[in-house]
6 protein chains.
Amino acid sequence: MSDFSHWNKEGRPKMVDISHKEETKRTALAQSTVSISEELYEKIQKGGIKKGDPLQVAQVAGIMAAKNTPDLIPMCHTILLQGTDFTFEYQQTEQGYDLLITAEVTCKGNTGVEMEALTAVSVAALTFYDMCKAVDKSMIIKETHLVEKKGGKSGDFYHPNRS
Amino acid sequence: MSDFSHWNKEGRPKMVDISHKEETKRTALAQSTVSISEELYEKIQKGGIKKGDPLQVAQVAGIMAAKNTPDLIPMCHTILLQGTDFTFEYQQTEQGYDLLITAEVTCKGNTGVEMEALTAVSVAALTFYDMCKAVDKSMIIKETHLVEKKGGKSGDFYHPNRS
Amino acid sequence: MSDFSHWNKEGRPKMVDISHKEETKRTALAQSTVSISEELYEKIQKGGIKKGDPLQVAQVAGIMAAKNTPDLIPMCHTILLQGTDFTFEYQQTEQGYDLLITAEVTCKGNTGVEMEALTAVSVAALTFYDMCKAVDKSMIIKETHLVEKKGGKSGDFYHPNRS
Amino acid sequence: MSDFSHWNKEGRPKMVDISHKEETKRTALAQSTVSISEELYEKIQKGGIKKGDPLQVAQVAGIMAAKNTPDLIPMCHTILLQGTDFTFEYQQTEQGYDLLITAEVTCKGNTGVEMEALTAVSVAALTFYDMCKAVDKSMIIKETHLVEKKGGKSGDFYHPNRS
Amino acid sequence: MSDFSHWNKEGRPKMVDISHKEETKRTALAQSTVSISEELYEKIQKGGIKKGDPLQVAQVAGIMAAKNTPDLIPMCHTILLQGTDFTFEYQQTEQGYDLLITAEVTCKGNTGVEMEALTAVSVAALTFYDMCKAVDKSMIIKETHLVEKKGGKSGDFYHPNRS
Amino acid sequence: MSDFSHWNKEGRPKMVDISHKEETKRTALAQSTVSISEELYEKIQKGGIKKGDPLQVAQVAGIMAAKNTPDLIPMCHTILLQGTDFTFEYQQTEQGYDLLITAEVTCKGNTGVEMEALTAVSVAALTFYDMCKAVDKSMIIKETHLVEKKGGKSGDFYHPNRS
């Protein structure tokens, strides 16, 4: 188990120096799952035809949030993202439906894009909540985690929960 | 069940007009839970003495994020927040520990602060992840939801999962 | 003809004091027209069925830009917008098609929302350009202007070009 | 005519992956024209001597906006701009004067700076409008377009309207 | 001497609740002094005639920074500023010149604008430094302080150093 | 003594073209000193044990501000910072205590990080002021300057006041 890397000698957080790290291609995949009621799911499906799709707004918000990660997460480095995309999938559950939000972020840089991918799916999930909260405020964002990351000295990572 | 409120007649999202809504005191309480391993928990506790506390950074990031909510969530109105605070609590579980992050946001305005509270806990959880990810990347933000909201015409709301 | 209001005695720009102005309901309507080729128009129409609609992204970007106006226009006051919406309309012309982008912005405040409405349509037009520029870079944003404003001491304004 | 590049397979907008594109020097030149009355022109000229110059503020706002382009245009990549400059020119017309605002933006990157140049002139034009709107609200931003771009695989581009 | 107001019971910083505070007119005046060499001063004066004035850019940057204060200072509330203006004054000293930068900020709100005024003069001073640093990097921002504040329950404040 | 580099031929400020400058490792060290009363110092020391530490918040704010420098200082280029850290030191003086805030910023880029380091210490000093102003509003940020910079064609720089 590695050491914490964000604290300086005085016990305060620092933005760690990454100048010794190699500039390589790096990708990260994160996922967030929103649990919704059957009623809301059906309302979205019907509304989708007539009105539009909350996933459109969630995707735009998530992509913008990926770019804004260093403004939100204090110790994150600014990174030039090279690509960001989402997939959305509804799965029926016992209580209703799960919306699986997955984002993939790519960069060529000195440090990884895990936080960018996690921020992207979190803000997409929050935006979905905002778009639908007039119908149902009890939605739960029930699991957000890093699915995998590739590139960089610490090697590839695959989450134990990866489906 | 109410109608969706974010779409206009052409089927595109709008920022809904809130000029008819009354300016009242409104509060919202949201919670996010991060599931961590026992090893990470113990490292934080020990590290906490010598080095500092990731919750400090998470709290600062969460408060700043609450203020930035309208920059992140496209259809959110800008609201003048009157107060924002957090509580953090570790609870032992079968697999390790749960960190419960709770934020309370207060405003006097024409619309509620649910999204501000949810954004605050989400960004605090992401920041906690960032501060500790050098030790363990498999942490899961396992549940984010609105706990309660008060004020406004639609009345008070208490989440069924509220502990 | 009124005096310039943005310069101080030393000849430098200031954010004018609006504390003496009354807090009233104010609205502003602005329009921007993008001139596109027939080929692009048809590609959008076909693409629209299979792929989605650049106007969705333009509308989200325009609404977020309306909120960000004081970060873009140096002497603009921060205002709490109460509503923002768009209409889009294609009109056939001799050279191809005109896309008319109209935004209406509402607030209750001490100063008007003309700049918010103009910024909203400008950023929506730029976003439309960005979404389609892989197909045609010669699009022209051929007219952006304030259509009307209501509320405030200086009275209502209707642009001579208002259709 | 190329295909749209901003939509994914699910029909939603993505930030396209530019990791395969070469890092080269790229420049873009954009122009926006503001049509103003003779009275306003003369007021600016006189005021210019005693008070200052709205073009100063427009130029500062335009340069800051060029840097903020990825925060405004959802699918734009963050790019490290290497230089941004403006020229302003008044031309007499039959109805009054035209202010020609031209911005040149330079970078070394994997993708072009067309949107940065277009955003720079658009925000400069809006800022000019804001500085002068107390005198005349009927100004028209009558043409905004990309004049030329250089560098990158798709080759150089010169707008047909380029003077 | 009052108690610290930014820490919660758990020892972490919070955004204090201001909902009980009265909404009144509040002003704050802050000053920053930049010490420069005689050579730089003379270069600015000559340059000023031919080229322009670094104070123009400093003033625009300072006004924009006043509006951005809650994005910079973590525990600051978002406040709707009603006016912001600057005065600049050069004073000859034994070693060269002092540039006195003074900003006055006005609002009607539940909390004061001391931080907005201090941020405004600090960013104006930094911008002046940036504009002139190619000539002289050894400039010193030698004193930044709150000169006076008015309005609010804690009463008016006048700094002992107020000239 | 070099020429000013931020003005174009028309006498307006520009973002200078740095495309000809070499991409090298660059560091900058800046310092800001806050003069506080003995009473405040002792209150912080006592409070520090029970409540927490204003330097924690100041450090987080300073690191975030270093990243935001191009949004604050109009003519600054966006640079990818590779590391940012702070040291804080209290020194007893005749009137009370001096808090020395020092920031070191590192990058690999075409231009230096002097403004990033100066912005970091300025915002850290302002944040410290904000955290403590309920106790004492007469604190003075008494000296902010560049201590040293390394890397880049213009060579290394050491401030004459460097202790």
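Model, not experiment: these values are computed from the prediction. (Residues numbered from 1 in each chain as written. Chains lettered and ligands numbered in written order. Predicted model: local features only at pLDDT ≥ 70, side-chain atom pairs only at ≥ 80, totals over all residues. Heavy atoms only, no water.)

**Thoughts on the side chain of N110 of chain E**
Here comes step 1: Locating N110 of chain E in the fold gives a position in the loop between strand 3 (96-109) and helix 3 (114-132).
Here comes step 2: A polar contact is formed between the side chain of N110 of chain E and the backbone oxygen of K21 of chain E, at a distance of 2.8 Å.
Here comes step 3: Sequence-distant contacts of N110 of chain E, that is, excluding residues within four places in its chain, are made with Q82 of chain B together with I18, K21, E22, E23 and R26 of chain E. (Helix = DSSP H or I, 4+ residues; strand = E, 2+ residues; numbered from the N terminus. Polar contact = N/O pair within 3.5 Å; in protein donor to acceptor, adjacent residues only side chain to side chain. Contact = heavy atoms within 4.5 Å.)

**So, the arrangement of the chains**
Here comes step 1: Separated throughout, chain B and chain D approach each other most closely at a C-alpha pair spaced 9 Å apart.
Here comes step 2: Without any contact between them, chain C and chain F keep their closest C-alpha atoms 9 Å apart.

**Examining the UniProt feature "binding site: substrate" (unreviewed entry) in chain A**
Here comes step 1: The UniProt record marks M75, C76, H77, M115 and E116 of chain A with the feature "binding site: substrate" (unreviewed entry), using the residue numbering of this structure. Taken along the chain, the residues just named run across 42 residues; in space they keep tight, none of their C-alpha pairs more than 12.4 Å apart.
Here comes step 2: With respect to the element layout, M75 of chain A can be found in the loop between helix 2 (54-72) and strand 2 (81-92).
Here comes step 3: Residues in contact with M75 of chain A, not counting those within four places in the same chain, are H6, P13, K14 and M15 of chain A, V57, D130 and M131 of chain B together with V60, I63 and K67 of chain F.
Here comes step 4: Inspection of the secondary structure puts H77 of chain A in the loop between helix 2 and strand 2.
Here comes step 5: You can call H77 of chain A buried: its relative accessible area is 6%.
Here comes step 6: Apart from residues no more than four positions distant in its own chain, H77 of chain A is found in contact with M15, V16, I18, P70, T111 and E116 of chain A together with L81 and Q82 of chain F. (UniProt positions renumbered as here; feature names shortened; annotations may be inferred. Buried < 20%, exposed > 50% of the residue type's maximum accessible area, 1.4 Å probe, protein only.)

**Some remarks on the relation of the copies chain F and chain B**
Here comes step 1: In the superposition of chain F on chain B (RMSD 0.0 Å, axial shift 0.0 Å), the rotation amounts to 180°. Such a turn and shift between the copies fits a two-fold axis.
Here comes step 2: Here 100% of the interface residues in chain F have copies in chain B that are interface residues too; the copies meet face to matching face. (Least-squares fit on C-alpha atoms with pLDDT ≥ 70 in both.)

**Points about a negative patch on the surface**
Here comes step 1: Taken together, the side chains of D71 of chain A, D71 of chain B, D71 of chain C, D71 of chain D, D71 of chain E together with D71 of chain F make up a negatively charged region of the molecular surface.
Here comes step 2: Looking at where D71 of chain C falls in the secondary structure, it is placed in helix 2 (residues 54-72). (Patch = residues over 30% accessible without salt bridge, like charges linked within 9 Å, V, L, I, M, F, W, Y side chains within 5 Å. Areas by Shrake-Rupley, 256 points an atom, 1.4 Å probe, with all protein chains shown as cover. Salt bridge = Lys/Arg side-chain N within 4 Å of Asp/Glu carboxyl O. Lys, Arg positive; Asp, Glu negative; His and termini not counted. Charge placed at Lys NZ, Arg CZ, Asp CG, Glu CD.)

**As for the relation of the copies chain B and chain A**
Here comes step 1: For these two chains of identical sequence, chain B goes onto chain A by a turn of 180° and a shift of 0.0 Å along the axis, with RMSD 0.0 Å.
Here comes step 2: Interface residue correspondence from chain B to chain A reaches 100%, placing this contact among same-surface, isologous pairings.

**A few points about the interface of chain B and chain A**
Interface size is commonly expressed as the accessible area that is lost once the parts come together.
Here comes step 1: Each partner contributes residues to the interface: chain B has 56 residues there, and chain A has 56 residues.
Here comes step 2: Between chain B and chain A we count zero salt bridges in total.
Here comes step 3: For the pair chain B and chain A, the number of links is four residue pairs in polar contact (both at pLDDT 80 or more).
Here comes step 4: At the level of elements, helix 1 (38-50), helix 2 (54-72), helix 3 (114-132) and strand 4 (140-150) of chain B are the ones that each hand at least two residues to the side of chain B that touches chain A.
Here comes step 5: Of all the elements, helix 3 of chain B adds the most residues to the side of chain B that touches chain A, at 12 residues.
Here comes step 6: Along the lines of polarity and charge, the residues of the side of chain B that touches chain A split into 29 nonpolar, 14 polar and 13 charged.
Here comes step 7: As defined by bridge partners, strand 4 (residues 140-150) of chain A adjoins strand 4 of chain B across two bridges and the pair is classed as antiparallel. The partner of T144 of chain A across the bridge, within strand 4 of chain B, is I141 of chain B. (Nonpolar A, V, L, I, M, F, W, Y, C, P; charged D, E, K, R; others polar. Pairing = 2+ DSSP bridges.)

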